[in-house]
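Residue-level listing of the chains:
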Amino acid sequence: MKKLLYLIFIIIGFISCDGRERAYMSNEAILKEDNLFKAFSEELHFIPETPVKIVTDTILSTGFQVKINYHSTESNPLVYTKRNKRDSITYSHYKNFEAHIQISKNSESIINSALDKRLFKSFENSEFWDKAIMQYVWINHEASTEQKIQLHTAFQIPETEIYRDFILNIFEDGTIEIKEYHIKPKTT
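Residues numbered from 1 in each chain as written. Predicted model: local features only at pLDDT ≥ 70, side-chain atom pairs only at ≥ 80, totals over all residues. Heavy atoms only, no water.

Asks: Could you give an account of the layout of surface pockets, naming the residues involved and the relevant values?
Replies: A volume near 210 Å³ is recorded for the largest pocket. Considering the residues around the largest pocket, the lining is formed by 13 residues, among which Asn96, Glu98, Asp116, Lys117 and Arg118 are closest to the centre. Residues that form the lining of the largest pocket fall into these classes: five nonpolar, four polar and four charged. (1 Å grid on protein atoms, 1.4 Å probe; cavity = no way out; pocket = protein on both sides within 12 Å on 5 of 7 lines; lining within 4 Å. Points joined across faces, edges and corners; volume = space filled by probe spheres on them. Nonpolar A, V, L, I, M, F, W, Y, C, P; charged D, E, K, R; others polar.)

Asks: Tell me about the packing of aromatic side chains, and name the residues and values.
Replies: A complete count under the given rule lists 10 aromatic pairs for this structure. Geometry around Phe128 places Arg164 over its ring, the cationic atom sitting 5.1 Å from the centre. (Phe/Tyr/Trp six-rings, centres within 6.5 Å; stacked < 30°, edge-to-face > 60°. Lys NZ or Arg CZ within 6 Å of the ring centre and 35° of its normal.)

Asks: A description of the nonpolar core should follow, citing residues and the corresponding values.
Replies: Ranked by internal contacts, the top residues of the largest apolar core, which has 30 residues, are Ile68, Ile103, Leu115, Ile149 and Phe155. Counting only elements with at least two residues in this core, the list comes to strand S3 (64-72), strand S4 (78-83), strand S6 (97-105), strand S7 (108-115), helix H4 (126-131), strand S8 (133-139), strand S9 (148-156) and strand S10 (163-171). (Core = buried A, V, L, I, M, F, W, Y, C linked by side-chain atoms within 4.5 Å. Buried < 20%, exposed > 50% of the residue type's maximum accessible area, 1.4 Å probe, protein only. Helix = DSSP H or I, 4+ residues; strand = E, 2+ residues; numbered from the N terminus.)

Asks: Talk me through the environment of Thr160; I want residue IDs and the actual numbers.
Replies: Looking at where Thr160 falls in the secondary structure, it is placed in the loop between S9 and S10. Taking relative accessible area as the criterion, Thr160 reaches 26% and is therefore assigned partly exposed. Side-chain polar atoms of Thr160 contact the backbone nitrogen of Ile162, separated by 3.2 Å. (Polar contact = N/O pair within 3.5 Å; in protein donor to acceptor, adjacent residues only side chain to side chain.)

Asks: Lay out unusual backbone geometry in plain terms, naming residues and giving numbers.
Replies: The step from Ile47 to Pro48 runs through a cis peptide bond, and the omega angle for that step is -10°. Counting through the fold element by element, Pro48 comes out in the loop between strand S1 (42-47) and strand S2 (53-59). Here the phi dihedral of Asn76 falls at roughly 50°; this positive angle occurs in a residue that is not glycine. Inspection of the secondary structure assignment puts Asn76 in the loop between S3 and S4.

If you want it as structure tokens, here you go:
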């Protein structure tokens, strides 16, 4: 009986020693040993985290009525990958934006269309447009006249200082004139 009791204690001792060598290992080493490091070392970021929708509904003194529905899209996000310290990887998913624009004058529809980067492809190489995201759309009240409404928009490549600004002149007859706006550097 005593031998059986000693045997039970020895078995319990061996069982309780399981994992003792792991007590002094780093979390990173344990995850690598169990082939789980990749799953725990990846970070996912969605920019913006939640859907964005900005609606502008303006009536100008010139008779133009402008409705802009600027919103993020869930399709085709731009994914940027960064390797951080300790071999962790960060995936940043940047959502694209587009705007739906309705312009009328004196209750007569002038334009009702989507505004996205496909409209601007002739102004820059396709590599820029594959990486760029629309930043904003706004009405330039001061530059708008009785015959036209002027909108401004910009596109930027995330995580860089590379961007393009554009001016859209939308005339009473529905024609659209698009010009790239080159911002002059400030001088002292």
